[in-house]
Amino acid sequence: MARTFWVGGNWKMNGTVAAVKELAATFNAGTSPSDVEVVIGAPYVYIPLLADSLRKDWAVAGENCYIKASGAYTGEISPEMLKDVGAKWVILGHSERRNVLGESDQFTAEKTVKALQAGLKVVLCVGELLEEREAGTTQTVVNRQLDAVIKAVSEADWANIVIAYEPVWAIGTGKVATPDQAQEVHAAIREYLKNAVSPKVAEETRITYGGSVNAKNCKETAQKPDVDGFLVGGASLKPEFLEIVNATN
Ligand SMILES: O=C[C@H](O)COP(=O)(O)O
């Protein structure tokens, strides 16, 4: 089964009402191949506006969520709330959640379960720190991050999960992983899924790359057999995101 190419934007903590409207108008006017799935992750407060203004062949994602549907959890947002305001996806386990906010593999796995139960699709981010790569532990770290989710979800759940491999040393640094570096980790993730979940899940799960992806470097990486798309940070706040959406053309 051919995997549908998937391109996500992650706006992180950026935006204004005016910028959301302007970017949506720019994206709406651009070309988006019908065989590429596109999702934009936006700060909670801009999700309703983005869901209203963005082209309907693209979807909107939250950038995080909590593990409860409602209740006394001041400042938190539930998967149900994300869905209620128009999000179809949620990004979970981003390295900024893991490393800046101190969120564990287990907490990420629990969020994944709750988000899936609420009917959201999940972008599950994994990736190693620079010191972990230099110590040769990239795959150990990525497998550990995956393991928490593998244990928590069912085999069928994987149809609603896209993996984003994001080496932390490449995020926002301008240091992009080479196409071969991305391919090597993606192939190892697929092999891991094959043994730890099933050959079907390994074959069908989209594994995307994130870390300083831009219009110039996306095309070569997009050709790699185990690269099924991108999760784009900085460049998703610019018109060039449309070029990344068209990376396979
Ligand atoms: O989620 C996106 C990644 O953190 C990549 O961000 P970046 O493209 O700005 O390096």
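Residues numbered from 1 in each chain as written. Predicted model: local features only at pLDDT ≥ 70, side-chain atom pairs only at ≥ 80, totals over all residues. Heavy atoms only, no water.

If you look the protein up in an unreviewed UniProt entry, it shows as Triosephosphate isomerase from Coemansia guatemalensis. The UniProt entry for the protein carries the following text under Catalytic activity (unreviewed entry): "D-glyceraldehyde 3-phosphate = dihydroxyacetone phosphate". (UniProt positions renumbered as here; feature names shortened; annotations may be inferred.)

Draft legend 1. Quick look at the overall build of the protein. Helix and strand content of the protein: eleven helices and eight strands. Computed over the C-alpha atoms, the radius of gyration of the protein is 17 Å, within 12% of the 18 Å expected from 2.2 N^0.38 for a compact globule of 249 residues. Dimensions of the protein, computed from C-alpha atoms along their principal axes, come out at roughly 45 × 45 × 35 Å. For the protein, the separation between the mean place of its 25 positive charges and that of its 31 negative charges on side chains is 3 Å. (Helix = DSSP H or I, 4+ residues; strand = E, 2+ residues; numbered from the N terminus. Rg over C-alpha atoms; globule rule 2.2 N^0.38 Å. Lys, Arg positive; Asp, Glu negative; His and termini not counted. Charge placed at Lys NZ, Arg CZ, Asp CG, Glu CD.)

Draft legend 2. Spotlight on the layout of surface pockets. By volume, the largest pocket is sized at about 350 Å³. Taken together, 15 residues make up the lining of the largest pocket; nearest its centre are Lys-12, Met-13, Glu-63, Asn-64 and Arg-97. Residues of the lining of the largest pocket, tallied by class, amount to six nonpolar, four polar and five charged. (1 Å grid on protein atoms, 1.4 Å probe; cavity = no way out; pocket = protein on both sides within 12 Å on 5 of 7 lines; lining within 4 Å. Points joined across faces, edges and corners; volume = space filled by probe spheres on them. Nonpolar A, V, L, I, M, F, W, Y, C, P; charged D, E, K, R; others polar.)

Draft legend 3. Here's a closer look at the sheet that holds strand β2 (residues 36-41). Pairing is parallel in the closed barrel, where eight strands are placed in the order β1-β2-β3-β4-β5-β6-β7-β8. Ignoring strand direction, the axes of neighbouring strands in this sheet form an average angle of 25 degrees. Note that strand β5 (residues 121-126) and strand β6 (residues 161-165) share five bridges and pair parallel. Each residue of the ladder has a partner; that of Cys-125, found in β6, is Ala-164. Of the strands in this sheet, β5, β6 and β7 (207-210) touch helix α8 (residues 179-196), which is tilted by about 145 degrees from β7. (Pairing = 2+ DSSP bridges. Axes fitted to C-alpha atoms, helices over the stretch in contact; angles between N-to-C directions. Contact = heavy atoms within 4.5 Å.)

Draft legend 4. A look at the environment of Gln-223. For Gln-223, the location among the structural elements is in the loop between α10 (218-222) and β8 (229-232). Taking the relative accessible area as the measure of exposure, Gln-223 reaches 57% and is therefore exposed. Counting along the chain gives 159 residues from Gln-223 to Asn-64, while the straight-line C-alpha distance between them is 30 Å. (Buried < 20%, exposed > 50% of the residue type's maximum accessible area, 1.4 Å probe, protein only.)

Draft legend 5. Quick look at the pattern of salt bridges. Per the counting criterion, the structure on display carries 14 salt bridges. With a closest N to O distance of 2.8 Å, Glu-103 and Lys-111 form a salt bridge. Judged on exposure class, the residue Glu-103 and its partner Lys-111 are both buried. Here the residues in one salt-bridge network are Arg-3, Arg-190, Glu-203, Asp-226 and Asp-228, joined through shared partners. (Salt bridge = Lys/Arg side-chain N within 4 Å of Asp/Glu carboxyl O.)

Draft legend 6. Representation of the site of the ligand. Around the ligand, the neighbouring residues are Asn-10, Lys-12, His-94, Glu-166, Ala-170, Ile-171, Gly-172, Gly-211, Ser-212, Leu-231, Gly-233 and Gly-234. Between the ligand and the protein, one listed contact pairs an oxygen atom with a backbone N or O atom of Ser-212 at 2.7 Å. Across the complex, the protein chains shield 95% of the 300 Å² of accessible surface that the ligand would expose by itself. A breakdown of the residues in the shell around the ligand according to their chemical character gives three nonpolar, seven polar and two charged. (Near = heavy atom within 4 Å. Polar contact = N/O pair within 3.5 Å; in protein donor to acceptor, adjacent residues only side chain to side chain. Areas by Shrake-Rupley, 256 points an atom, 1.4 Å probe, with all protein chains shown as cover.)

Draft legend 7. Structural context of the packing of helix α5 (residues 105-117) against helix α7 (residues 138-152). α7 packs onto α5 with a crossing angle of 40 degrees between their chain directions and a minimal axis gap of 8 Å. With respect to each other, α5 and α7 are oriented oblique. In the packing of α5 onto α7, the handedness of the crossing is right-handed. The segment α5 lies against α7, with Asp-105, Gln-106, Ala-109, Thr-112 and Val-113 engaging Arg-144, Gln-145, Ala-148, Val-149 and Ala-152. (Parallel < 35°, antiparallel > 145°, perpendicular 65-115°, else oblique. Left-handed = near helix turned anticlockwise from the far one by under 90°.)

Draft legend 8. Quick peek at the pairing of β2. Taken across its six residues, β2 has five buried, putting it largely inside the fold. Of the strand pairs in this sheet, strand β1 (residues 5-10) and β2 are connected by six bridges, and their pairing is parallel. The residue of β2 that forms the bridge with Trp-6 is Glu-37. Between the parallel pair β1 and β2, the chain is carried across by helix α1 (residues 17-28), and the sense of this crossover is right-handed. (Right-handed = clockwise from strand over helix to strand, strands pointing away.)

Draft legend 9. Region of interest: α5. Between the first and last C-alpha of α5 there are 18 Å, a value that for 13 residues agrees with the 18 Å anticipated at 1.5 Å per step. Among the residues of α5, Asp-105, Thr-108, Ala-109, Lys-111, Thr-112, Val-113, Ala-115 and Leu-116 are the ones counted as buried. Its buried side turned inward, α5 meets α3 (79-84), β4 (89-92), α4 (95-100), β5, α7 and β6. Gly-119 occupies a position one or two residues after α5 and carries a positive phi of about 95 degrees. (Expected span 1.5 Å × (residues − 1).)

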